[in-house]
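# Survey of secondary and tertiary structure
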Amino acid sequence: MLVSPSSRHALWRCVFSLLLLVHSAAYSAISDDTLRALPRPGDDFDIHTGKILSPILIPRVAGTPGSTAVLNHFNDFFQTSLPHWTIELQNSTSKTPVTGDKDVPFVNFIAYRDPPWAAKGDVGRLTLVAHYDSKYTPEGFIGAIDSAAPCAMIMHAMRSIDAALTKKWTEMEAQGHSSLGIGEQTGIQVLFLDGEEAFQTWTDTDSLYGARSLAETWEHTYHPAMSQFRTELSSITLFVLLDLLGAKSPTILSHFPTTHWAYQNMGKLEGRLRDLQQFKSSPSQAKRSEQKWLIDAETDERFITSRGGISDDHLPFMHRGVEILHLIDFKTETGFPNVWHTLDDDGEHLDAATVEDWSTLVTAFAAEWMELDGYFETPATRSADLYDRKTEL
């Protein structure tokens, strides 16, 4: 029987939707002990000397030495802090309105970690994304919320869950992974995309240079026959895009009905972290009337309408069927944060407590998605380990 390309695509979308439903149904909450035990960035987020954040707080226009320096920072971080991760670069070039006939190089940074027993084409990956380039103008633009801080949040989150991933997968291998179900073929991936910003005026061709190239490339990068996922693009289980984060009191809307369940799960984690007094940006005694960041968390999915109108790096992926969770600070009344695309978007204008709280929330979301409860070191596990060592003696 011959199946047309459009029919195959429709069939794949049905299968992918079922996989999402299976994952959302199996999604279990992590414990309060784990939330309390999540690692904090500490001095690594210092805007002047922090080992994670400060190297990104420089002008980093695509194709410039600043861009290369930040790319090297990402590479060094993953090689030294996350040696079990695979690092790849995806390169492209494009002409821009300000460079005439000169091609500008764009480099996307990709890092991922999959279960050690799983074939690449059989792994669905939670994908955390931010762009790392800064605007061409005004000269000297840093782009702290846009998007140095989101890159740092993701880096901290991946380092925070890595030991728990190792512990979980080591135990699972020891128990025999051949009996594992489809839900255990879950990996995690980071994309730091280049060329999000327009060089002159935002248009379909002067923006999203790196995202457009990667989405098109991955759409046609096929896995071996009989793999669970047909292409690199289809193996993205959820594309979580962080942008314009780091200003005080952000407002995060739910943009897509099909991923509202994931948005709600993050909203529940936000509420629990506040209740446990784990948010530094919250009053020491959190009030129930306190404005939550994810303001649609208690809204029924039926009342969420697609808000795909905010142009960002998700668009080339969304147009190819990838499910999107877009975490961007946008208030219906006033728009983006007031430092947006101005020279005030620098490290000095970041709200340090909010930046750290975002890193904790992203860590919690990734830990819950990867089902890492019980694999973090908590006061309870430290006591148990101490007891076991004393018993052995």
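Residues numbered from 1 in each chain as written. Predicted model: local features only at pLDDT ≥ 70, side-chain atom pairs only at ≥ 80, totals over all residues. Heavy atoms only, no water.

- For the chain, the name recorded in an unreviewed UniProt entry is Peptide hydrolase, with Talaromyces islandicus as its organism.

### Section: the overall build of the chain
- For the chain, the count of helices and strands is 9 helices and 6 strands.
- Looking at the 393 residues of the chain, the share that counts as buried comes to 51%.
- Taking the intrachain contacts of the chain between residues at least 6 apart in sequence as the baseline, contacts between residues at least 24 apart amount to 78%.
- Surface summary for the chain: the accessible area is close to 17900 Å², and the carbon and sulfur share equals 53%. (Helix = DSSP H or I, 4+ residues; strand = E, 2+ residues; numbered from the N terminus. Buried < 20%, exposed > 50% of the residue type's maximum accessible area, 1.4 Å probe, protein only. Contact = heavy atoms within 4.5 Å. Areas by Shrake-Rupley, 256 points an atom, 1.4 Å probe, with all protein chains shown as cover.)

### Things to note about the sheet that holds strand 4 (residues 186-193)
- Pairing within the open sheet is mixed, and its 6 strands lie in the order 1-2-4-3-5-6. Strand pairing shows two members of the sheet lacking a second neighbour, strand 1 (86-95) and strand 6 (324-328), which therefore form its edges. Taken over all neighbouring pairs, the strand axes of this sheet differ in orientation by 20° on average, direction set aside.
- Across 5 bridges, the pairing between strand 2 (residues 103-113) and strand 4 is antiparallel. When the sheet's bridge partners are listed, Arg113 is paired in strand 4 with Ile188.
- Across the sheet, helix 5 (residues 209-219) lies against strand 1, strand 2, strand 4 and strand 5 (236-243), angled at about 115° from strand 1, the strand it touches most. (Pairing = 2+ DSSP bridges. Axes fitted to C-alpha atoms, helices over the stretch in contact; angles between N-to-C directions.)

### Structural notes on the environment of Ser311
- One can find Ser311 in the loop between helix 6 (260-275) and helix 7 (315-318).
- For Ser311, a relative accessible area of 36% gives the class partly exposed.

### Some words on the pattern of salt bridges
- Using the criterion set out here, one finds 15 salt bridges in the structure.
- Put simply, Arg40 and Glu356 hold a salt bridge, and the shortest N to O gap is 4.0 Å. With a gap of 316 residues between them, Arg40 in the loop between helix 2 (32-37) and helix 3 (65-81) and Glu356 in helix 8 (residues 352-369) connect regions that are remote in the sequence.
- On the accessibility criterion, Arg40 (28% relative accessible area) is partly exposed.
- The shortest N-O distance in the salt bridge between Asp162 and Arg113 comes to 2.9 Å. (Salt bridge = Lys/Arg side-chain N within 4 Å of Asp/Glu carboxyl O.)

### Observations concerning the packing of helix 4 (residues 144-175) against helix 8
- At a minimum axis separation of 8 Å, helix 4 and helix 8 run at an interaxial angle of 45°. The angle between the axes of helix 4 and helix 8 places the two elements in the oblique class. The element helix 4 and its partner helix 8 pack so that their crossing is right-handed. Across from Ala149, Met153, His156, Ala157, Met158, Ser160 and Ile161 in helix 4, the residues of helix 8 making contact are Val355, Trp358, Ser359, Val362, Thr363, Ala366 and Ala367.
- Grouping the constituent residues of the contact of helix 4 with helix 8 by class yields 10 nonpolar, 4 polar and no charged. (Parallel < 35°, antiparallel > 145°, perpendicular 65-115°, else oblique. Left-handed = near helix turned anticlockwise from the far one by under 90°. Nonpolar A, V, L, I, M, F, W, Y, C, P; charged D, E, K, R; others polar.)

### So, the packing of aromatic side chains
- Tallying each qualifying case throughout the model produces 19 aromatic pairs.
- Seen in terms of ring centroids, Phe77 and Phe78 are 5.5 Å apart; in terms of plane orientation they differ by 80°. Their pairing is edge-to-face.
- Assessed through its relative accessible area of 1%, Phe78 is described here as buried.
- Seen in terms of ring centroids, Trp117 and Trp169 are 6.5 Å apart; in terms of plane orientation they differ by 80°. Their pairing is edge-to-face. Note that Trp117 is positioned in the loop between strand 2 and strand 3 (124-131) and Trp169 in helix 4, a separation of 52 residues in sequence. (Phe/Tyr/Trp six-rings, centres within 6.5 Å; stacked < 30°, edge-to-face > 60°.)

### Thoughts on the side chain of Thr360
- Its location among the elements puts Thr360 in helix 8.
- With residues up to four places along the chain from it excluded, the contact list for Thr360 reads Leu38, Arg40 and Leu273.

### As for the nonpolar core
- Judged by nonpolar contacts, the single largest core of 79 residues is most densely connected at Met158, Phe192 and Phe365.
- Tallying contributions element by element places helix 4 first for this core, with 16 residues.
- Dropping the residues within four chain positions of it, Phe192 is found in contact with Phe74, Phe78, Val107, Asn108, Phe109, Ala130, Tyr132, Cys151, Ile154 and Met155. (Core = buried A, V, L, I, M, F, W, Y, C linked by side-chain atoms within 4.5 Å.)

### Quick look at helix 3
- With 17 residues, helix 3 should reach 24 Å at 1.5 Å per residue; the first-to-last C-alpha distance of 24 Å fits that figure.
- Gly66, Ser67, Val70, Leu71, His73, Phe74, Phe77 and Phe78 are the residues of helix 3 that are buried. Relative to the axis of helix 3, the buried residues are bounded by an arc of 150° and lie together on one face. The outward face of helix 3, more than 90 degrees from its buried face, is lined by the exposed residues Pro65 and Thr80.
- Against strand 1, strand 2, helix 4 and strand 4 lie the buried residues of helix 3. (Expected span 1.5 Å × (residues − 1). Arc of directions from axis to C-beta.)

### A word on the side chain of Lys135
- Inspection of the secondary structure assignment puts Lys135 in the loop between strand 3 and helix 4.
- Buried and unpaired, Lys135 has no salt bridge, with Glu197 as the nearest side chain of opposite charge at 5.1 Å.
- Engagement of the side chain of Lys135 in a polar contact is seen with the backbone oxygen of Thr137, the distance being 3.3 Å.
- The residues contacting Lys135, other than those within four sequence positions of it, are Val61, Phe141, Glu197, Ala198 and His341. (Lys, Arg positive; Asp, Glu negative; His and termini not counted. Polar contact = N/O pair within 3.5 Å; in protein donor to acceptor, adjacent residues only side chain to side chain.)

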